[in-house]
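A closer look at the structure
Letter by letter, the chains look like this.
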Amino acid sequence: MTTTTPEAVEHPVRKNSPGAASGPRRRTGRIRRIGLPYLLLLPALILELLVHLVPMVIGIVMSFKELTQFYIRDWGTAPWSGFDNYRMSVDFDAPVGEALLHSFFVTVGFTLLSVGLCWLIGTAAAIFMQDTFRGRGLLRALFLVPYALPVYAAVITWVFMFQHDNGLVNHVLHDQLHLTDKPSFWLIGDNSFWALLTVSVWKGWPFAFLIVMAGLQNISRELYEAAALDGAGVWQQIRRITLPSLRPVNQVLVLVLFLWTFNDFNTPYVLFGKAAPEAADLISVHIYQASFVTWNFGTGSAMSVLLLLFLLLVTGVYLAVTSRGRRAADV
């Protein structure tokens, strides 16, 4: 006869207990549910690290080095220069600093005009497209063509259109409309600024149109109907209903357009090549010339870091001002 001790009886009960088995299983399932999103994000985080963060850190390190063409093969052996590259960039009495300051002012003027025109044209087109009429879908698709086209293909087309002898722009303005005394040079001289602005607005306003059109879908039509019954005209409805309702959308839209336009490199590079005219010397192309044309990568990196700091400062101030205005409006 076999005797069973209390310990032997209790041990199988604890081992086969459903509560004891389900505890670790629940913890394992909870860990899997929590860790799965991070596991799915891991490839994107690694690519972001390799594509953006690592080159950014390398660029910051390069800005403190005397990195010229003599150290291209092994840039790590370039001597440290401290803040000399930064001092040279902000010395506005010297040729390097004076050229950078001129490029900065050109970029600021170009960005303000481009962003303002893109927002104005995109908003007007989006409001116009709110009414139902025949062919509205086709017209919407046509409006988005400049945004959908590849940048290089679109800008190269504009290069041919701006040609002096056989370009479409001079053909229309001079030969057909007789608005100019003689064909103009659009890709050199002061006209280059307006040519660049034209291409930038043509390429950028469909994005504003798309964002504003999406924001208009959240405005109830009952507000317009009530305003019309009260005698409000079209302009009063836009000023009192449409624009205030679009304020959150416009705040994001203006910031994105500003950052894209201020940093735009593809448009001026394809339009003018490596050497942009003085009137259209945007800071992105200027930094490229300072780095890859004169082979002074240390100075070019310092200019890039200064540009990054400026954009971070503008973004921070803009977000602070807009958030304060949003809180004041809510109160």
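Residues numbered from 1 in each chain as written. Predicted model: local features only at pLDDT ≥ 70, side-chain atom pairs only at ≥ 80, totals over all residues. Heavy atoms only, no water.

**Regarding the overall build of the protein**
The test is simple: Note on conventions: DSSP H or I runs of at least 4 residues are helices, E runs of at least 2 residues are strands, and numbering of each starts at the N terminus. For each residue, the accessible area found with a 1.4 Å probe, counting protein chains only, is set against the maximum for its type, and the residue is called buried under 20%, exposed over 50%, and partly exposed in between. We call two residues in contact when some of their heavy atoms are within 4.5 Å. Areas reported here follow the Shrake-Rupley algorithm with a probe of radius 1.4 Å; residue values treat only the protein chains shown as occluding.
The helix and strand tally for the protein stands at 15 helices and zero strands. Buried positions account for 34% of the 331 residues belonging to the protein. For the protein, the share of sequence-separated contacts (at least 6 apart) that also reach a separation of at least 24 residues comes to 65%. For the protein, the accessible surface area stands at approximately 20900 Å², while carbon and sulfur atoms represent 67% of it.

**Concerning the environment of T157**
Quick note on the threshold: Counted as a polar contact is a pair of N or O atoms within 3.5 Å, where, for protein atoms, one must be capable of donating a hydrogen and the other of accepting one, and residues adjacent in sequence contribute only when both atoms are in side chains.
In this fold, T157 is placed in helix 7 (residues 151-161). Among the residues examined, T157 registers a relative accessible area of 44% and is labelled partly exposed. With 114 residues separating them in the primary sequence, T157 and L271 have C-alpha atoms 9.5 Å apart. A distance of 2.8 Å separates a polar atom in the side chain of T157 from the backbone oxygen of A153.

**Some thoughts on the pattern of salt bridges**
Short version of the rule: Take a side-chain nitrogen of Lys or Arg and a carboxyl oxygen of Asp or Glu: if they are within 4 Å of each other, that pair is a salt bridge.
By the definition in use, this model includes one salt bridge. When the shortest N-O distance is used, the salt bridge between D84 and R87 registers 2.7 Å. Placement of the pair is D84 and R87 together in helix 3 (residues 84-90), with a separation of three residues, close to one helical turn. By relative accessible area, which is 40% here, D84 ends up partly exposed.

**Some words on the side chain of N170**
Locating N170 in the fold gives a position in helix 8 (residues 168-176). What makes N170 buried here is its relative accessible area of 4%. A distance of 3.4 Å separates a polar side-chain atom of N170 from the backbone oxygen of Q163. Of note is the side chain of N170, whose polar atom sits 3.1 Å from the backbone oxygen of H164. Ignoring any residue separated from it by four or fewer positions in sequence, one finds N170 in contact with Q163, H164, D175, P183, S184 and W186.

**Considerations on the environment of L196**
Within the fold, L196 resides in helix 9 (residues 191-216). Separated by 71 residues in the primary sequence, L196 and T267 place their C-alpha atoms 7.6 Å from one another. Once residues lying within four places of it in the same chain are set aside, the contact partners of L196 are F110, T267, P268, L271, F272, A280 and L282.

**Considerations on the layout of surface pockets**
For the record, the criterion: Grid spacing is 1 Å over the protein atoms alone, the probe is 1.4 Å, and a cavity is where that probe fits but cannot get out, while a pocket is an open set with protein on both sides within 12 Å along at least five of seven lines and lining residues have an atom within 4 Å of a point. Grid points are joined across faces, edges and corners, and a volume is the space filled by probe spheres set on the points.
For the largest pocket, the calculated volume is near 750 Å³. In terms of lining, the largest pocket is formed by 22 residues, of which the most central are N263, I287, S304, V305 and L307. Mapped by element, the contributors of at least two residues to the lining of the largest pocket are helix 2 (18-62), helix 14 (283-293) and helix 15 (297-330). Here the element with the most residues in the lining of the largest pocket is helix 15; it accounts for eight residues. For the second largest pocket, the calculated volume is near 340 Å³.

**Some remarks on the side chain of S81**
Note that S81 resides in the loop between helix 2 and helix 3. Not counting the four nearest positions on each side in its chain, S81 is found in contact with F64, K65 and E66.

**Digging into the nonpolar core**
Put simply, the rule is: Take the buried Ala, Val, Leu, Ile, Met, Phe, Trp, Tyr and Cys residues and link them wherever side-chain atoms come within 4.5 Å; each set so joined is a nonpolar core.
Judged by nonpolar contacts, the single largest core of 43 residues is most densely connected at F162, L196, F209, L257, L271 and F272. Among the secondary structure elements, those contributing two or more residues to this core are helix 4 (95-128), helix 7, helix 9, helix 10 (221-229), helix 12 (247-262) and helix 13 (266-272). In terms of residue count, helix 9 provides more of this core than any other element does, 13 residues in total. Once residues within four sequence positions are removed from consideration, L271 is found in contact with V155, V159, F162, L187, A195, L196 and V199. Ranked by size, the runner-up nonpolar core spans nine residues in total, among them I283, I287, L307 and L311.

**A look at the packing of aromatic side chains**
To be explicit about the condition: Each Phe, Tyr or Trp ring (for Trp, its six-membered ring) is paired with any other whose centre lies within 6.5 Å, and the angle between the two planes then decides the class: stacked below 30 degrees, edge-to-face above 60, tilted in between.
All told, the structure shown has 25 aromatic pairs when counted by the stated rule. Each ring, one from F104 and one from F310, has its centre 5.1 Å from the other, and the planes form 85°; the classification is edge-to-face. Of this pair, F104 sits in helix 4 while F310 sits in helix 15; the two residues are 206 residues apart in sequence, bridging distant segments of the chain. Three or more aromatic residues joined by ring pairs form one cluster here, namely F265, Y269, Y288, F292, W295 and F297.

**A look at unusual backbone geometry**
Even without being a glycine, H178 presents a positive backbone phi close to 55°. Residue classification places H178 among the exposed residues on the basis of a relative accessible area of 60%.

**What to know about the packing of helix 9 against helix 12**
Selection rule: Angles shown run from 0 to 180 degrees and are taken between the N-to-C directions of axes, each axis being a line fitted to C-alpha atoms and, for helices, limited to the stretch in contact. Any angle that is under 35 degrees is reported as roughly parallel, and any over 145 degrees as roughly antiparallel; angles of 65 to 115 degrees are reported as roughly perpendicular and all others as oblique. Helix crossings are classified by the rotation of the near helix relative to the far one: an anticlockwise turn of less than a right angle makes the crossing left-handed, while a clockwise turn makes it right-handed. For this classification, Asp, Glu, Lys and Arg are treated as charged, while Ala, Val, Leu, Ile, Met, Phe, Trp, Tyr, Cys and Pro are nonpolar and the rest, including Gly, are polar.
Put simply, helix 9 and helix 12 touch, their axes get as near as 10 Å, and they point 160° apart. What the angle tells us is that helix 9 and helix 12 run roughly antiparallel. In this structure, helix 9 meets helix 12 at a crossing whose hand is right-handed. Between helix 9 and helix 12, the contacting residues are S200, G204, F207, A208, I211, V212 and G215 on the first element and V249, N250, L253, V256, L257, W260 and T261 on the second. Here the residues of the contact of helix 9 with helix 12 sort into nine nonpolar, five polar and no charged.

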